[in-house]
Amino acid sequence: MSIVFEKIKAVLKAQWGYESFLPLQKEAIECVTKGRDSIVVMPTGGGKSLCFQAPGVAMPGMTVVVSPLISLMKDQVDALLECGVAARRLDSSMSPNEQSAVLRQIYHGDLKLLYVAPERLVTQKFIGLLKTTRLSFIAVDEAHCVSVWGHDFRPEYRELGVLKNAFPGIAVHAYTASATEHVRRDIALYLRLENPEVLVGSFDRPNLVYRVERRANMIEQVCKILDQHKGESGIIYCIRRADVDELCAQLTDKRYSVAPYHAGMDDDERRRNQEAFIEDKVATIVATIAFGMGIDKSNVRYVVHNGMPKSVEQYHQETGRAGRDGLEAECCLLYSGNDYRVWRRVLADMEPEAKAIALQKLNDMYDYCGGVTCRHKAVVGYFGQDLGKENCSACDVCLGRLDCVQNSLGTAQKILSCVVSLHQRFGADYTTSVLIGSREERIIQNGHDTLSTYALLSDCTRRVVRDWIEQLVAQRCLTKTDEYSILNLTEMGWRVLKGEEVPRLLKPSRVPARAPQVAADSWEGVDKGLFETLRKLRRRLAEEKNVPAFIVFDDAALRDMARRRPKTPEAFLEVRGVGEKKNERYGAEFIAVVKEYCAAEGIERDPSPISGTYSATSRPPGPTQNPTCGNVPHHERMSEIRSTHPHAYEAWSQEEEKRLREYVAQGRKISEIASLLGRQPSAIRARIRKTETGH
Ligand code: ADP
């Protein structure tokens, strides 16, 4: 391994507190050390920033990072400063004095990383200034902005092509989460990259738990998700601005902490809401697609789509904003056939060629919603990748949360025969009415109550039958005509009628089946009470410094702290995400809080080795690993907790109460009592409090 690479590894540990690389980071960093132009494609949360930040710190000279948004630059620079890196940004929101100070630092060679917007970087004046300093390399973040095929085209990105001429011999590295081949070609072309190495990471995000539900009682469905994530951050995406406003009003009425975000609001209000969300002052942001780019918030624990996105790319990108810290996060998509129609109307005015592409993408998205194969497999399959396993353990399909109808073939044949008996001249609603045997006037008048297919599914509700029709559309057994959404059988539909193909029809499940392993893994061994206490300390420190909480420490670091419960600065340095600067800056305060908490709760500190935990620097183990259940009550983990602690959530018997009193009188520790009684420490604490206070 080269000396530079060794230095980068040392920087990774000292500055960021990480000991290993995430997939593809090593290869991407090697391109930088070798000075070879590169295009690095990694999904959101894959760890792109470190690919240029770590070598930027370790290599001689200053690295210039091109970034499209001030908010993005600000977050990254704040985070770098927290890690003790000499980084600055230069943008139009800064005062002339602030800008001059940064220009002086550039001139004197005091900076390791400089963030600038593309329009500034390509000016002759700025290029002239950079020529007076030692430039290490240029990193172009969000590089898909050069392409009209990307989702955030910015004409000013195309100007960046001048850099290769202006700085001969200086490598340019492009980073993006955008997966398409077309975008990659455009990046190489417009940035004039020389024989770039192209690295494409896996598009799978194993820590995201995907779930798709038909939208039935939307507000109830949304509230249920919010209730499961009390005190956590999340995003709800809606298709239209009006939906954002309406949902926000309903949730505010129900006293949820929410704020809207869409292009129809004025800039100030939008900025205020975004900041409140980033600083954890508002739990949930309700937004249109306009929200997201430039949001680096690492602790988003859920993304709800209250409406189907218009493509799998969009879905992947928006859900990708959850769980950037590598911890489990839930992505729930609520959709209906109407979403499909809304998007079709939106796309109606496009140029024919672009419209055909957009429609194909829309159909793929709709198929994903109605699909019954592993969601992770479906998403990466869309991007031309193979998941490499059959069961992801992190989606509604693999977790057995989808209940398939016993006789899917027979039910599908009833529906398809009904469409045929109606001469393929009616839409889904009408067909449903016939199938359930409705006495609506229009059906009687048309004489359709005399069809042999009339009332074939009279034992089912309208919603269920309507849902099956949509599932058959998604599985390409039926199509809807452009204009009136009339149902037609496809070739596949005819094959199903003949019994040559078997579709899968789902009924909505009421019982949550297995819990996702990712959630259990990342909480393993973590004391939830301590985690909450540390969160409060983080909040206070972040407020004092006026930075978002996750910049002080992300959730993964806090969980590891609450798991390791360090006694000494050396032990604190072992915590994932703690580098030397953060140890110096915060170590003493966090160690003191850990000490106080552990003393009060009778919990051991530095319990090493911690059985089955993951290393200080790695991410939570993937779903293939199978450590034992931890001690954290979590809604998703109830069933697992119940199985390891058989009566963890059951009422207390008199016998147990008696044993509890005895143990307390004997002065035993909470953790000891918990294991003797097979209950959670928090349940023991609550019971003792209840016994003491009488309620
Ligand atoms: P991206 O820019 O690709 O969306 P980020 O650079 O924001 O991803 O990184 C996502 C998260 O992963 C951040 O919280 C970051 O601190 C963390 N991370 C990056 N590299 C590592 C690593 N080598 N080990 C552990 N965590 C890492």
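Above: the structure in question.
Reading the values: rules and limits
Residues numbered from 1 in each chain as written. Predicted model: local features only at pLDDT ≥ 70, side-chain atom pairs only at ≥ 80, totals over all residues. Heavy atoms only, no water. Helix = DSSP H or I, 4+ residues; strand = E, 2+ residues; numbered from the N terminus. Buried < 20%, exposed > 50% of the residue type's maximum accessible area, 1.4 Å probe, protein only. Polar contact = N/O pair within 3.5 Å; in protein donor to acceptor, adjacent residues only side chain to side chain. Axes fitted to C-alpha atoms, helices over the stretch in contact; angles between N-to-C directions. Parallel < 35°, antiparallel > 145°, perpendicular 65-115°, else oblique. Left-handed = near helix turned anticlockwise from the far one by under 90°. Contact = heavy atoms within 4.5 Å. Nonpolar A, V, L, I, M, F, W, Y, C, P; charged D, E, K, R; others polar. Pairing = 2+ DSSP bridges. Expected span 1.5 Å × (residues − 1). Disulfide = S-S within 2.5 Å. Phe/Tyr/Trp six-rings, centres within 6.5 Å; stacked < 30°, edge-to-face > 60°. Lys NZ or Arg CZ within 6 Å of the ring centre and 35° of its normal.

This paragraph deals with the side chain of glutamine 25. Turning to its location among the elements, glutamine 25 is positioned in helix α2 (residues 25-34). On the basis of relative accessibility, which here comes to 3%, the residue glutamine 25 falls in the buried class. Only 2.7 Å separates the side chain of glutamine 25 from the backbone nitrogen of leucine 22, close enough to count as a polar contact.

Time to look at the packing of helix α16 (residues 352-370) against helix α17 (residues 375-382). Packing of α16 against α17 brings their axes to within 11 Å, and their N-to-C directions diverge by 165 degrees. Judged by the inter-axis angle, α16 sits roughly antiparallel to α17. Once α16 is placed against α17, the crossing between them reads as right-handed. Within the contact between the two elements, α16 uses Lys361, Asp364, Tyr368 and Cys369 and α17 uses Arg375, Ala378, Val379 and Tyr382. In terms of residue class, the contact of α16 with α17 is built from five nonpolar, no polar and three charged.

Another aspect to go through is the pairing of strand β5 (residues 135-140). Most of β5 sits out of view: six of its six residues are buried. Where strand β2 (residues 62-66) lies against β5, four bridges are found, and the strand directions are parallel. When the bridges of β5 are listed, valine 65 appears paired with alanine 139. By the bridge criterion, three bridges tie β5 to strand β6 (residues 172-176) in an arrangement that is parallel. Note on β6: the bridge partner recorded for isoleucine 138 is valine 172.

Taking burial as the measure, the 11 residues of helix α3 (residues 48-58) include 10 buried ones, the bulk of the element. When we look at burial in α3, the residues that qualify are Lys48, Leu50, Cys51, Phe52, Gln53, Ala54, Pro55, Gly56, Val57 and Ala58.

Attention now moves to the environment of alanine 54. Its place among the elements puts alanine 54 in helix α3. With relative accessibility at 0%, the residue alanine 54 sits in the buried group.

On to helix α5 (residues 96-107), then. For α5, spanning 12 residues, the distance from its first C-alpha to its last is 16 Å, which sits close to the expected 16 Å at 1.5 Å a residue. Contact partners of the buried residues in α5: β2, β3 (87-90), β4 (113-116), α6 (118-121) and α7 (124-131). Residue glycine 109 follows α5 closely and has a positive phi angle near 70 degrees.

Looking now at the state of the cysteines. Counting across every chain of the model gives zero disulfides. Free cysteine: cysteine 51, not disulfide-bonded; nearest cysteine sulfur from cysteine 31 at 9.5 Å. The class for cysteine 51 is buried, based on a relative accessible area of 0%. Unpaired in this structure, cysteine 374 has its nearest cysteine sulfur neighbour in cysteine 392, at a distance of 3.6 Å.

With that out of the way, let us pick up the packing of aromatic side chains. Applying the stated criterion to the full structure yields 14 aromatic pairs. Ring centres of tyrosine 315 and tyrosine 368 lie 5.0 Å apart, and the angle between their planes is 50 degrees; this geometry places the pair in the tilted category. Taken as a pair, tyrosine 315 in helix α14 (residues 312-319) and tyrosine 368 in helix α16 lie far apart in primary sequence, 53 residues in all. The buried category is assigned to tyrosine 315, whose relative accessible area is 1%. The interplanar angle of 20 degrees and the centroid separation of 4.1 Å between the aromatic rings of phenylalanine 426 and tyrosine 430 together place this pair among those described as stacked. Joined through ring pairs, the aromatic side chains of Phe553, Phe572, Tyr586 and Phe590 make up one cluster. Between the NZ or CZ atom of lysine 297 and the centre of the ring of phenylalanine 277, over which it lies, the distance is 5.1 Å.

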